[in-house]
2 protein chains.
Amino acid sequence: MARRRWLDKDEQTAWRAYLLTTQLVDEALDRQLQRDAQMPHAYYGILVRLDEARRQPGEGTLRMTDLARGLRYSQSRLTHAITSMEGSGWVVRRDCPTDRRSQLVAITEQGVAALADAAPGHVAAVRSAVFDQLTAEQVTQLGAICAAIVRGFEPTVTPPG
Amino acid sequence: MARRRWLDKDEQTAWRAYLLTTQLVDEALDRQLQRDAQMPHAYYGILVRLDEARRQPGEGTLRMTDLARGLRYSQSRLTHAITSMEGSGWVVRRDCPTDRRSQLVAITEQGVAALADAAPGHVAAVRSAVFDQLTAEQVTQLGAICAAIVRGFEPTVTPPG
DNA sequence: TCGTCGTTGTTGAGCACTCAAGCACTCGGC
DNA sequence: GCCGAGTGCTTGAGTGCTCAACAACGACGA
């Protein structure tokens with residue numbers, strides 16, 4: 001197998017540009033959210049998920065595990081994050097009535113408010129960092145490229161035999 | 001101005017895919033390097049830069065500031081990183097002969113060896129996570145997209161008047 | 001020579017994450 | 001009932017980052 005093959009020139013260029021891009025974008029968004037909404041980017045994502053769950057019919061809560069799987073966070077990471085966010089009053093934990101191991105999480109009114117406050121500035125930052133720089137065609141391309149990469153991480157079913 | 005404009009459907013899709021992609025790729029590379037080479041991804045990048053400097057004619061060293069600017073790291077981040085890497089024996093600090101504020105950094109033989117050990121596995125991980133999933137055309141597209149985003153972060157000269 | 005300002009680098013507190021370990025519970029077979 | 005494996009969540013140590021404050025030096029004009 002050709003596992004030791006190096007990156008060719010085009011790949012090198014693309015890779016370095018990719019690394020720099022993700023670093024710059026990540027830092028910009030994290031800094032903006034930390035400054036204007038006192039939360040790291042990861043917490044914003046958690047609030048978004050919980051807010052979406054709230055709008056669904058039913059409980060409006062999510063099990064820790066389901067939330068972690070949806071965000072692809074480790075259980076431990078989510079536990080630490082929720083503990084901190086509970087301290088900020090943005091979320092609450094509840095015991096699960098059907099499985100005593102599980103914990104349900106729900107966004108609070110305060111959390112909804114914090115998200116509503118943070119969203120406009122965050123979206124503006126995303127726009128100015130990313131979408132203002134790209135053509136509509138490039139947005140489509142970016143979506144396809146990322147989808148392909150994500151697909152590579154999905155567990156592949158090993159064929160029988 | 002239309003600063004409050006939301007993300008449209010295509011942008012939403014692309015953005016969520018982008019976030020998931022960077023998270024998955026970052027974690028995969030960090031984990032692989034941590035496991036196989038006992039270094040975080042950021043330290044790998046520092047070693048690469050210092051190794052490139054070593055191949056150049058001249059001192060083969062870089063000032064802390066120049067290294068930080070090249071990698072777009074904060075001074076503080078680099079100081080902490082170099083301190084830790086010096087503890088691992090991968091780099092050394094030297095006083096700058098022409099400016100007593102400055103510190104020069106050089107990669108050691110041990111650092112060169114650590115990088116040489118780490119490189120094949122790392123490149124394989126990059127390949128399997130990213131380039132194996134993309135067509136040649138997509139690699140070109142990705143390079144152009146990232147270059148455009150990076151350009152957006154470059155300081156723009158405000159025109160006189 | 002002096003004061004001032006910009007540059008260079010370090011420090012330490014605070015924080016979010018990882019990893020390994022552990023506790024409490026559920027489920028299924030006996 | 002009871003044991004074992006699997007699941008859900010938490011804990012705490014270790015680590016790398018940010019941010020603000022600071023110390024030391026260089027450059028330059030008065």
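Refer to the structure above for everything that follows.
Residues numbered from 1 in each chain as written. Chains lettered and ligands numbered in written order. Predicted model: local features only at pLDDT ≥ 70, side-chain atom pairs only at ≥ 80, totals over all residues. Heavy atoms only, no water.

S.K.: Mind showing me how you'd approach the pattern of salt bridges here?
M.R.: As a working rule, side chains carrying opposite charge can pair if their charged atoms are close by. Residue and element names in this part refer to chain B. For the coordinates displayed, the defined rule picks out 22 salt bridges over all chains. A salt bridge links Asp 36 to Arg 35; its shortest N-O distance comes to 2.9 Å. Among the residues examined, Asp 36 registers a relative accessible area of 46% and is labelled partly exposed. With a shortest N-O distance of 2.9 Å, Asp 51 and Arg 55 are connected by a salt bridge. Of the two residues, Asp 51 and Arg 55 both sit in helix 2 (residues 41-55), four residues apart, roughly one turn of that helix. (Salt bridge = Lys/Arg side-chain N within 4 Å of Asp/Glu carboxyl O. Buried < 20%, exposed > 50% of the residue type's maximum accessible area, 1.4 Å probe, protein only. Helix = DSSP H or I, 4+ residues; strand = E, 2+ residues; numbered from the N terminus.)

S.K.: Sorry, what's going on with the relation of the copies chain B and chain A here?
M.R.: Each copy of the chain is related to the other by a rotation around an axis and a translation along that axis. Screw-axis analysis of chain B against chain A gives a translation of 0.0 Å along the axis, an RMSD of 0.0 Å, and a rotation angle of 180°. Put plainly, the chains are arranged around a two-fold axis. (Least-squares fit on C-alpha atoms with pLDDT ≥ 70 in both.)

S.K.: What exactly am I supposed to notice about the environment of B:Asp8 here?
M.R.: Residues and elements named next belong to chain B. Tracing the backbone through its elements, the reader meets Asp 8 in the segment before helix 1 (9-37). For the pair Asp 8 and Met 39, spaced 31 residues apart in sequence, the C-alpha separation works out to 40 Å. Separated by 2.8 Å, the side chain of Asp 8 and the backbone nitrogen of Glu 11 make a polar contact. (Polar contact = N/O pair within 3.5 Å; in protein donor to acceptor, adjacent residues only side chain to side chain.)

S.K.: How do you make sense of the protein's contact with DNA strand D when you look at a structure like this?
M.R.: The environment of DNA strand D is formed by 24 residues, the closest being A:Thr65, A:Thr79, A:Arg93, A:Gln103 and B:Ser76. Protein-adjacent atoms of DNA strand D, using a 4 Å cutoff, are sugar or phosphate at a proportion of 73%. Between DNA strand D and the protein, one listed contact pairs a phosphate oxygen with a side-chain N or O atom of A:Arg63 at 3.4 Å. One of the side-chain nitrogen or oxygen atoms of B:His80 is found 3.3 Å away from a base oxygen of DNA strand D. Looking at the surface near DNA strand D, its residues break down into four nonpolar, 11 polar and nine charged. (Near = heavy atom within 4 Å. Nonpolar A, V, L, I, M, F, W, Y, C, P; charged D, E, K, R; others polar.)

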